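Below, each chain spelled out in residue letters.
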Amino acid sequence: MVSLITVEYDVREDQPEETNVFKLEQASDRLIEKLIQERFSYISPVDAYKIASFSGGNARIAISLANTVNKGQTLANLKDNDLFNRLFLQRNNLDNHLQHSAEVCSLVYSFDCRTSKNLNLELKLLSLLTNISIQQLYANITELKRRDLIQQRSVWRAVLPHAIATRLAQKALENIPLDTILDTFEQGGAERLLQSFSRRLSYLHDCEIAIDIATRWLSSEGMLANVSNLNDLEMAIFKNIAPINPEASLLAFERAAIDKNKGREFTSRGNKYFLTYTQLLRSLAYDAALFERCTQLLCRFALSEKPDEKSNSIRSMLKSLFHLYLSGTHASADQRLVIIKRLLDSRVEEQQELGLLLLDAALEAWHFSSLHGFDFGARSRNYGYSPSTGKDIKIWYSLFVDFSIQLVSSETMPLLSDKIKKLLAEKFRGLWIKAYLFDELEEAVQKITKKHTWNEGWVSVRAIIRLDAENMEQSLLIRLQKMEELLAPKSLLEKVRIYALSSHNSLFDFADFEERVVIDGYDQIDRKTRSLGKQVVLNELVFTTLLPEILTIDGARLHIFGVGLAEGCTDIIKIWRLFREQLELIGREKCIYHVLCGFLHQVSLINTELSETMLNEAVTDPILGYAFIELQTAVEINHEGIQRLKKSLSYGMAPIHSYQYLAGWERDKTINDKDLSTLLTLIASKPDGIVVAINIFSTRLYRAKNENINLSHNMASFGQKILLRISLEPSYSSLVEYKLGKIVSACYVGTSAQTNAEILCGNLADTFNNNRACSYDFELILSAIATIQPTAFLDFFLGSIAKHNNLFQYTHLRQDADLTKSPIEKIDDTIIIEWCNIAPKIRYAIIASSIVPYKNNKDGRTNWTSLALDIINKAPDITTILNEFKVTFTPNCWSDSKADIMQKGLLLITGLKINENPIISEWACQEETIFAEEIRQEREWELKKSQHQNERFE
């Protein structure tokens, strides 16, 4: 017994409400064969196999064909064309007009079957191709529908399944003069039908006539000659026919790319269709013969992309073509290497970076995935080249590893060589563990170490030993250990480069293998780096060699290396002057000051007086003054440090953003609140200084809260004033807005802050009313004010002080119950009611217009809020309140069904019908009927919209 769930290829009639549409893959021939044998026991296994093969995985075709077989008949000797005729006729007599109508209707993916005078253009054009009247064509379409060869969705008809439609369409192309067909669709004036015709052609890539049409349209004189200047219709047609003739499609791309006027713009992200074009080029690159030309165009697109343009990244798309698996192309490894080599040989940095990206993909041996599709029209496609044996895998990786070693060994481009060494190191573990490239990697290590040091390789080998030795054969582990010894840095210079200048994060790969505890690993590396600093400062040649590097490379342990330099130094002033001279040569834009900070920090511990002198000179020094704040925060900030910071602000050498260093958790500990508030006031007075001051102040607030310290008057006063000075514009980041909310919560507490709270509310209200911002831009600030200064909030945003009340309420305070909560919800209901009772005729209505009166519970039910019920019961004008609340039942923004959301509001109205107050119950009875009709109309509109969007075949 075979248990099957059969799913129709498409819906038979109009799509029912709430139907979801899915794309289904075809069933296997074996499954179809079992289905036929189960349903039609009299059909022989041979005939079941024949039917399954002919149906191409479509159950409907198979069942329809099986129904034409009588007991005792056999299909085994029939050809495919005989089977098709049997399927089409379905035991009916041959009707040439009916078959011709089916052929013509199959030329398009779908068509509009309306016959009214103003709506029959599509049917009229199809009737011209059949040489019969619209009425007769409509009758034939109806008969075809009875035979399940045409399906219906609303006004749309389509010949389905596609296996039948494509056969019929091919016959139509053979039987009707091509010029007649093209004139009808191109000149007929029905653009949608022309697009539908092109979609049908996309299923006919094996048909010579379809190929001829695509070639005509894509030729230099054709309808799609200039693909750089297509409208939306032409773009849709181009996407449909590109798979029919890949060579012609690629030629059209190349014509556009070499255009002197628009070629550069065409192959860039500035092209509005760049994503579609690059996806098509990636699909065209599936064929090995077209790969090189396609990737050259994709490289042009990719090179136009900025580093921060990550959305729909062309580089990522191009990179996917160079993976061993899931590449979507059958290009050989050699073909892909040609593209990589061309980019790396260009000596143009951007092209070399792109080449490195592609080489990275080719060397990937660990993780494979794809975010890109592999289908292309109706063509049979797989995932691209995939190695069938371990030997094939080794051949692939050996090619790219050998190429990388050649570039490293050539010494013609040292910067590129360094990048390739780093890339090889990153891929080393995958190539060893997953690709088993033992001999090749061992040879690579030997070749590279003959001419170069390879610190990154040393780290990678140590990582393999650390992570994978336990499950590795002893012979392989011994080979790794020998490579580790060969790669290990031996000179003082190389040890510094690996320990101090490396940005590698895995400290264990630097530490001795016997130490595995995290803190021990950190301590050991710090001790080693510090020791190297002591040695370097005593070796003038090494120090001089390293000086430009330690001042320009952002190494992970340069600070501790600077500490070591100071510890081993015999002449601190001499080294400090050497630092300054080198900084002057480098230029401040390229300088990294970690070493100087570490050096100065240690000097302050060894000789405080000397470090104070060095900092006093640095404040106004033309070279060191730029980095003064970073240097000052490297040591404990005492009273003299405060004066230097003030002097630095006055002098203006240090950029204002550098004062961010004062926001460090430990850096401002020694600064008292009074001095800090003075400094922050000075910083805030500088251009772009307010945000810097806010960040520093926020750190102090966080410490006070974390250590349970009461905020001093100086700090609270500064916090209030900074918010009154800041320009309330929506240009601040969410992080800054978060910090502003925290400042309000910490500094605007109590009656002493009430005056400033009212000023802040007034500033915000002006900002909102002048449309410079909305409440969403300052959500946290508003919530904080509502929480700690509720009366000021209500007065300035809802009371008589507020300007443009209605606009402000509807735009800024009322928010959906399922979305971000309104700041009014931060205020206790009792406070709101007391506030309303001061002027009940006005204020109850204002509050009603400013809140969401219901809440959605976790169980899915919707209930009135306690505040809403209080307002209904206590307001002098109940009807006005209820009408305001009813407005909230119709959402301004929503997902899914608006009518379903409104239905929840209807239930709230219905619940009021039994209220003891006759005013409330009468309102509910009347509004229930009105609102129910509004919901009915909304559902009707949603159904029409759903039919328009979903009840189509395209």
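Residues numbered from 1 in each chain as written. Predicted model: local features only at pLDDT ≥ 70, side-chain atom pairs only at ≥ 80, totals over all residues. Heavy atoms only, no water.

**Digging into the overall build of the chain**
The number of helices and strands found in the chain is 47 helices and five strands. Here the chain holds 954 residues, and the buried ones make up 51% of them. Excluding contacts between residues fewer than 6 apart, the proportion of contacts in the chain whose partners are at least 24 apart in sequence is 72%. Of the accessible surface of the chain, which amounts to about 46,400 Å², a share of 49% is contributed by carbon and sulfur atoms. (Helix = DSSP H or I, 4+ residues; strand = E, 2+ residues; numbered from the N terminus. Buried < 20%, exposed > 50% of the residue type's maximum accessible area, 1.4 Å probe, protein only. Contact = heavy atoms within 4.5 Å. Areas by Shrake-Rupley, 256 points an atom, 1.4 Å probe, with all protein chains shown as cover.)

**Thoughts on the environment of M235**
Structurally, M235 is set in helix 12 (residues 232-241). With a relative accessible area of 4%, M235 lands in the buried category. Discounting chain neighbours no more than four positions away, the residues touching M235 are L230, Y273, T276 and Y277.

**So, the sheet that holds strand 2 (residues 150-153)**
Where strands meet in a sheet, backbone hydrogen bonds hold them as pairs that are either parallel or antiparallel. Ordered in space as 1-3-2, the three strands form an open sheet in which the pairing is antiparallel. The open sheet is flanked by strand 1 (111-112) and strand 2, the only strands paired with a single partner. Of the strand pairs in this sheet, strand 1 and strand 3 (residues 156-159) are connected by two bridges, and their pairing is antiparallel. Residue pairing for strand 3: F111 is matched across the bridge by R157. (Pairing = 2+ DSSP bridges.)

**What about the environment of T529?**
Along the chain, T529 turns up in helix 26 (residues 518-537). Overall, T529 belongs to the buried group, its relative accessible area being 0%. Residues T529 and H559, spaced 30 residues apart in sequence, show a C-alpha to C-alpha distance of 9.6 Å. In this structure T529 touches Y499, A500, R557, I560 and F561, once residues within four positions along its chain are discounted.

**As for the pattern of salt bridges**
Applying the stated criterion to the full structure yields 39 salt bridges. Linking E122 and R192 is a salt bridge whose minimum nitrogen-to-oxygen distance equals 2.8 Å. Of this pair, E122 sits in helix 6 (residues 121-130) while R192 is found in helix 10 (residues 191-201), placing the two residues 70 residues apart along the sequence. In this structure, E494 engages R497 in a salt bridge whose closest nitrogen and oxygen atoms are separated by 2.8 Å. Of this pair, E494 and R497 are both found in helix 25 (residues 492-499), three residues apart, which corresponds to roughly one turn of the helix. Overall, R497 belongs to the partly exposed group, its relative accessible area being 24%. The network of salt bridges with common partners includes R269, E305, E309 and R315. (Salt bridge = Lys/Arg side-chain N within 4 Å of Asp/Glu carboxyl O.)

**Description of the nonpolar core**
Among the nonpolar cores identified, the biggest contains 287 residues, and I550, F579 and F599 are the most heavily contacted of them. Setting aside anything within four residues of it in sequence, one finds F579 in contact with F543, L547, I550, L551, L565, V595, L596 and F599. Listed in part, the five residues of the second largest apolar core include Y109, A158, L160 and F953. (Core = buried A, V, L, I, M, F, W, Y, C linked by side-chain atoms within 4.5 Å.)

**Some points on helix 42 (residues 829-838)**
For helix 42, every residue scored as buried is listed here: I832, I833, W835 and C836. One side of helix 42 holds all its buried residues, which, seen down the axis, span an arc of 160°. What points out from helix 42, more than 90 degrees from its buried face, is the exposed set E834 and I838. Where helix 42 begins, one side-chain oxygen reaches toward the backbone nitrogen of T830, 2.9 Å away; that side chain belongs to D828. (Arc of directions from axis to C-beta. Polar contact = N/O pair within 3.5 Å; in protein donor to acceptor, adjacent residues only side chain to side chain.)

**As for the pairing of strand 3**
Here strand 3 shows no split at all, with W156 and A158 on one side and R157 and V159 on the other all buried. Where strand 2 and strand 3 come together, four bridges link them in antiparallel fashion. What sits directly across from Q151, in strand 3, is A158. Between strand 2 and the antiparallel strand that follows it, strand 3, lie two residues; S154 among them carries a positive phi value of about 50°.

**Focus: the packing of helix 5 (residues 96-105) against helix 8 (residues 162-175)**
Here helix 5 crosses helix 8 at 100°, and the two axes come no closer than 7 Å. Classified by the angle their axes make, helix 5 and helix 8 are roughly perpendicular. Of the residues in helix 8, those in contact with Q99, A102, E103 and V104 of helix 5 are L168, A169, K171, A172 and N175. When the residues that make up the contact of helix 5 with helix 8 are grouped by side-chain class, the tally is five nonpolar, two polar and two charged. (Axes fitted to C-alpha atoms, helices over the stretch in contact; angles between N-to-C directions. Parallel < 35°, antiparallel > 145°, perpendicular 65-115°, else oblique. Nonpolar A, V, L, I, M, F, W, Y, C, P; charged D, E, K, R; others polar.)

**Brief notes about the packing of aromatic side chains**
Tallied over the full model, the rule gives 29 aromatic pairs. An angle of 85° between the planes, with centres 6.1 Å apart, marks the rings of F197 and W217 as edge-to-face. Of this pair, F197 sits in helix 10 while W217 sits in helix 11 (residues 208-218), and the two are 20 residues apart along the sequence. Given the relative accessible area of 0%, F197 is considered buried. Ring centres of W432 and F438 lie 4.8 Å apart, and the angle between their planes is 65°; on these two criteria the pair is classed as edge-to-face. (Phe/Tyr/Trp six-rings, centres within 6.5 Å; stacked < 30°, edge-to-face > 60°.)

**Focus on unusual backbone geometry**
One non-glycine residue, L326, lies in positive phi territory at about 55°. Mapped onto the elements of the fold, L326 is located in the loop between helix 17 (314-320) and helix 18 (333-344). Of note, R347 is a non-glycine position whose phi angle comes to about 65°, a positive value. Structurally, R347 can be placed in the loop between helix 18 and helix 19 (349-363). Owing to a relative accessible area of 57%, R347 belongs among the exposed residues under this scheme.

**Some points on the state of the cysteines**
Scanning the model with the defined rule gives zero disulfides in all. Left without a disulfide partner, C105 is nearest to the cysteine sulfur of C113, which lies 7.7 Å away. (Disulfide = S-S within 2.5 Å.)

**Observations concerning a nonpolar patch on the surface**
On the surface, L735, Y738 and L780 cluster together into a nonpolar patch covering about 290 Å² of accessible area. Looking at the secondary structure, you find L735 in helix 37 (residues 734-747). (Patch = residues over 30% accessible without salt bridge, like charges linked within 9 Å, V, L, I, M, F, W, Y side chains within 5 Å.)

**Points about the packing of helix 29 (residues 572-586) against helix 30 (residues 594-606)**
It is the contact of helix 29 with helix 30, at a shortest axis distance of 12 Å, that shows an interaxial angle of 160°. It follows that helix 29 is roughly antiparallel to helix 30 by the angle criterion. The handedness of the crossing between helix 29 and helix 30 comes out as left-handed. When helix 29 is examined against helix 30, the residues I572, I575, W576, F579 and L583 are found in contact with a partner set consisting of V595, L596, F599, L600 and V603. Partitioned by chemical class, the residues of the contact of helix 29 with helix 30 number 10 nonpolar, no polar and no charged. (Left-handed = near helix turned anticlockwise from the far one by under 90°.)

**Observations regarding helix 35 (residues 689-706)**
The terminal C-alpha atoms of helix 35, which comprises 18 residues, lie 26 Å apart, in line with the 26 Å expected from a rise of 1.5 Å per residue. Of all 18 residues in helix 35, 14 are buried, a share of seventy percent or more. Looking one or two residues beyond helix 35, the residue adopting positive phi is N708, at roughly 55°. (Expected span 1.5 Å × (residues − 1).)

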